[in-house]
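Below are the chains, spelled out letter by letter.
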Amino acid sequence: MKCLYIYLTLLLSSTTLLFSQENKELKITFSGFLETFYSNDFQNSNTEKKLPFMYNHNRLNEGNLNIGLLRSKIVFENGYGSFALHSGTYVEDNYANEKMKYISEAYLGLYLDTAKKQTIEAGIMPSYIGFESATTASNLTLTRSILAENSPYFMTGVKYNYTPSAKWSFSGLLTNGWQRINKPNKKALPSFGSQIAYKPSDNATLNWSVFIGDEPNETDLRTRYFSNLYYDFKWKNKFRTIAGFDFGLQKSTGGTSYSNWFSPVVITQYTINSKWQTALRGEYYQDVKNVMIANTKEFKTFGTSLNFDYLPNSKMKIRTEARYFNSKEAVFIRNETAVTSNFFGTISWSYEF
């Protein structure tokens, strides 16, 4: 709870300081997100959970809460802060090793110049890696891609941001490691991160994020190098496409050689009208040495999905998705038998305010 105490202390101190200044306005806002779901694996009805490398919508044959989130934000002329609590099956699985798993965000930010082009943030922050959020209504597809499920949802540390113009932004980070609230090992040095974003137009974004750090196991530390690159663009008014590529290297346990994994993905969304959207995804994930995907066999998997979304209003989404995986090795289970493919469907209802 130490991070929470620090955040609340800083927030109260900042609030006292801000209120003591005349003619200044302090704004506090509240928002939230709620998502329920039902998922069915058409090939494997003998288990309560979906695939082990998926952390969202992964309960089978039962209605459940994927995530419920409540966030408060404070904004002032010289700074800002955010504190959010969350719960649901996503939290139980993705934060299983964290003592403070019900805290989604707890960070403060300060502007370093009057033009507000430079900021510094500290605390538990959303991940700077990837294009798919935990609040999935903002994603093009109902379920997250394999590369997004196996990269950080959050980071804990200090982040410096510099936005010299509307087209460019740069960030540098010191963190506790790969998606960790507490420092994993006394011997581990802080992990390093960077993010560069370029917007050639209002309809396009090119983003490159990098992570370098030591990941511990029972016996030693393994250096990890990771890169996430994606291009997000809207075209012909009704289409939006995201093309992404992840690549990682990690030192083998007790050795000097490196294992690698990589994943390309392309998602295209088509807005039919103000009430309906559809999206098609194609992806491939290769993790031969099982660095990210825990398995006894080489993980080389192609995936595709098709979803239809109904938007009754601007705050609500009802989504359906069919998703199919095909692997070179028998890495999936069909009624207690190892098989090379998997097919499942998911429906969800979400509301944000």
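Source: prediction; values computed, not measured.

### A short note on the nonpolar core
No. 1: Formed by 29 residues in total, the largest nonpolar core has its most connected members in L51, F53, F131, F211, Y285, F325 and F332.
No. 2: Those elements that place two or more of their residues in this core are α3 (146-149), β10 (221-235) and β12 (258-271).
No. 3: Excluding residues within four positions of it along the chain, Y285 makes contact with I146, L147, N150, W261, F262, S263, M292, I293, F299, K300 and T301.
No. 4: Core analysis: the second largest hydrophobic core is formed by 17 residues, Y90, M100, A137 and F154 among them.

### Observations concerning the packing of aromatic side chains
No. 1: Applying the stated rule across the entire model yields 26 aromatic pairs.
No. 2: A ring pair is formed by F131 and Y230, whose centres lie 5.4 Å apart and whose planes are at 65°; its orientation type is edge-to-face. Here Y230 lies in strand β10 and F131 lies in the loop between β5 (118-126) and α3, a separation of 99 residues in the sequence.
No. 3: On the basis of relative accessible area, F131 is assigned to the buried category, the value being 16%.
No. 4: Taking the centre distance of 6.4 Å and the plane angle of 10° together, the rings of W349 and Y351 count as stacked.
No. 5: By relative accessible area, W349 is classed as partly exposed at 30%.
No. 6: Y351 gets classed as partly exposed once you look at its relative accessible area, which sits at 31%.
No. 7: The ring centre of Y111 lies 4.9 Å from the NZ or CZ of K116, which sits over that ring.
No. 8: Sitting over the face of the ring of W178, R224 holds its NZ or CZ atom 4.7 Å from the ring centroid.

### Section: the environment of L34
No. 1: Among the structural elements, L34 can be located in strand β1 (residues 27-41).
No. 2: Separated by 31 residues in sequence, L34 and L65 place their C-alpha atoms 7.9 Å apart.
No. 3: For L34, the contacting residues outside a window of four places in its chain are L65, I67, G68, W349, S350 and Y351.

### Quick look at the confidence of the model for the chain
No. 1: Of the residues in the chain, 89% have a pLDDT of 70 or more, and the chain-wide mean is 89.
No. 2: Taken element by element, the chain is modelled with least confidence in helix α1 (residues 2-19), mean pLDDT 46, and with most confidence in strand β13 (residues 276-287), mean pLDDT 98.
No. 3: In the model, residues 3-8 has pLDDT below 50 throughout and makes 10 contacts with residues more than four positions away in sequence or in other chains.
No. 4: Scored below 50 in pLDDT, residues 10-23 makes nine contacts in the model with residues more than four places away or belonging to other chains.

### Focus: the side chain of N66
No. 1: If you trace the backbone, N66 turns up in strand β2 (residues 64-76).
No. 2: A polar atom in the side chain of N66 sits 3.0 Å from the side chain of N56.

### A word on the pattern of salt bridges
No. 1: This structure, assessed with the given rule, holds 10 salt bridges.
No. 2: Ionic pairing is found between E105 and R71, a salt bridge with its closest N-O pair at 3.0 Å. Residue E105 is found in strand β4 (residues 103-111), and its partner R71 is found in strand β2; the two are separated by 34 residues along the sequence.

### Section: the pairing of strand β15 (residues 316-327)
No. 1: Pairing analysis gives 11 bridges linking strand β14 (residues 299-313) to β15, with the strands arranged antiparallel. Paired with N313 across the bridge in β15 is M316.
No. 2: Here β14 folds back onto β15, and the loop between the two strands holds two residues.
No. 3: With 11 bridges joining them, β15 and strand β18 (residues 341-352) adopt antiparallel strand pairing. Within β18, the residue paired with T320 across the bridge is I347.

### So, the environment of K234
No. 1: Here K234 shows up in strand β10.
No. 2: It is 9.3 Å that separates the C-alpha atoms of K234 and Q269, two residues lying 35 residues apart in sequence.
No. 3: The contacts of K234, once residues within four sequence positions are left out, are N203, F239 and R240.

Thresholds applied
Residues numbered from 1 in each chain as written. Predicted model: local features only at pLDDT ≥ 70, side-chain atom pairs only at ≥ 80, totals over all residues. Heavy atoms only, no water. Core = buried A, V, L, I, M, F, W, Y, C linked by side-chain atoms within 4.5 Å. Buried < 20%, exposed > 50% of the residue type's maximum accessible area, 1.4 Å probe, protein only. Helix = DSSP H or I, 4+ residues; strand = E, 2+ residues; numbered from the N terminus. Contact = heavy atoms within 4.5 Å. Phe/Tyr/Trp six-rings, centres within 6.5 Å; stacked < 30°, edge-to-face > 60°. Lys NZ or Arg CZ within 6 Å of the ring centre and 35° of its normal. pLDDT = per-residue confidence, 0-100. Polar contact = N/O pair within 3.5 Å; in protein donor to acceptor, adjacent residues only side chain to side chain. Salt bridge = Lys/Arg side-chain N within 4 Å of Asp/Glu carboxyl O. Pairing = 2+ DSSP bridges.

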